[in-house]
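Below, each chain spelled out in residue letters.
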Amino acid sequence: MSAVPQSAERFGPMSEGDLDAVIEIEDRIYEFPWTLINFRDSVRAGYSCWVCRGRQEGLIGYGVMMLAAGDGHLLNLTVDKPYQRRGHGRRFLRHLITTARDYGAQRVFLEVRPSNDAGIDLYARQGFHQIGVRREYYPARHGREDALVFALEF
Ligand SMILES: CC(C)(COP(=O)(O)OP(=O)(O)OC[C@H]1O[C@@H](n2cnc3c(N)ncnc32)[C@H](O)[C@@H]1OP(=O)(O)O)[C@@H](O)C(=O)NCCC(=O)NCCS
């Protein structure tokens, strides 16, 4: 009998019960993290909020996307450090793109720090291209950092 391949992770809707685990990762990963209130407001506002669970591990990543007026706006995509570079981020991004498509979005856009090589590479390899720059968008250690605006048109 041939083995049935199992996917490496499961994606499910983020609930308020996930937020303690989400914020624990967020605080570990980012120098300027979202707050618990940012995530709670996103869930309560009905944004497209997702968590990713490993087959054996608990919560290993999460994503938040706003779907409105024919656009998907990806606001947060994070994979916890020990689980990075295993393909979860790429599959999570594909899941979010499919979700936006199913919703009827014409495109997905996002902001990324110019210093975030991993994010830029991930997005570029999924077909996103840079459409602009938002000056001084992000907080930074010294002053502020620009954001590159990337888009994927359907
Ligand atoms: C960006 C992030 C979500 C990628 O998740 P991941 O699970 O590590 O990514 P994957 O293993 O699926 O890798 C997919 C591709 O992303 C790119 N990538 C991921 N990590 C990278 C790194 N450290 N350096 C360069 N490219 C990287 C590569 O193109 C990679 O493809 P490859 O493995 O064939 O080279 C993850 O690194 C992360 O959560 N980083 C911190 C938060 C963050 O910056 N989020 C994005 C904000 S806009």
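Small disclaimer: the values here were computed from a predicted structure and weren't measured.

K.L.:
For this particular structure, what's the right way to read the pairing of strand β3 (residues 59–68)?
P.N.:
Side-chain direction in a regular strand flips from residue to residue, so the side chains alternate between the two faces of the sheet. Here strand β2 (residues 48–54) pairs with β3 via six bridges, running antiparallel. Bridging across to β3, cysteine 49 finds its partner in valine 64. Turn length for the β2-β3 hairpin, with the two strands adjacent in sequence and antiparallel, is four residues. The pairing of β3 with strand β4 (residues 71–79) spans eight bridges and is classified as antiparallel. Bridge pairing in β4 places glycine 63 opposite leucine 77. Counted along the chain from β3 to the antiparallel partner β4, the turn is two residues long, and its residue alanine 69 has a positive phi close to 50°.

K.L.:
Got a minute to help me understand the site of the ligand in this structure?
P.N.:
Lining the immediate environment of the ligand, one finds 19 residues, of which Gln84, Gly89, Arg90, Ala118 and Leu122 sit closest. When grouped by side-chain class, the residues that make up the shell around the ligand number six nonpolar, seven polar and six charged.

K.L.:
It is not clear to me how unusual backbone geometry should be interpreted in this structure. Could you clarify?
P.N.:
At arginine 85, a position not held by glycine, the phi torsion is positive, near 65°. Here arginine 85 lies in the loop between β4 and α3 (88–103). Its 9 C-beta neighbours within 10 Å are what place arginine 85 among the exposed residues. Non-glycine residue glutamate 136 carries a positive phi angle of around 50°. Positionally, glutamate 136 belongs in strand β6 (residues 129–139). For glutamate 136, a count of 11 C-beta atoms within 10 Å gives the class exposed.

K.L.:
Even after reading the chapter, I still don't get the environment of isoleucine 29, so can you show me in this structure?
P.N.:
Position of isoleucine 29 among the secondary structure elements: in helix α1 (residues 19–29). A residue is classified by how many C-beta atoms lie within 10 Å of it, and isoleucine 29, with 14 of them, is partly exposed. Linking isoleucine 29 and threonine 78, residues 49 residues apart in sequence, is a C-alpha distance of 8.2 Å.

K.L.:
Mind showing me how you'd approach the sheet that holds β3 here?
P.N.:
To summarise the sheet geometry, strands pair through backbone hydrogen bonds and adopt either a parallel or an antiparallel arrangement. One open sheet holds the seven strands; their spatial order is β1-β2-β3-β4-β5-β7-β6, and the pairing between them is mixed. Each end of this open sheet is capped by a strand with a single partner; those strands are β1 (9–13) and β6. Geometrically, the sheet is characterised by an average inter-axis angle of 25° between neighbouring strands, direction not taken into account.

K.L.:
Looking at this structure, I do not really get the environment of alanine 124. What am I missing?
P.N.:
You can see alanine 124 is positioned in helix α4 (residues 117–125). Taking the C-beta count within 10 Å as the criterion, alanine 124 has 13 such neighbours and is therefore assigned partly exposed. Along the backbone, alanine 124 and arginine 40 are 84 residues apart, and their C-alpha atoms lie at a distance of 30 Å.

Conventions and cut-offs
Residues numbered from 1 in each chain as written. Predicted model: local features only at pLDDT ≥ 70, side-chain atom pairs only at ≥ 80, totals over all residues. Pairing = 2+ DSSP bridges. Helix = DSSP H or I, 4+ residues; strand = E, 2+ residues; numbered from the N terminus. Near = placed C-beta within 6 Å. Nonpolar A, V, L, I, M, F, W, Y, C, P; charged D, E, K, R; others polar. Buried ≥ 20, exposed ≤ 12 C-beta atoms within 10 Å, placed from the backbone. Axes fitted to C-alpha atoms, helices over the stretch in contact; angles between N-to-C directions.

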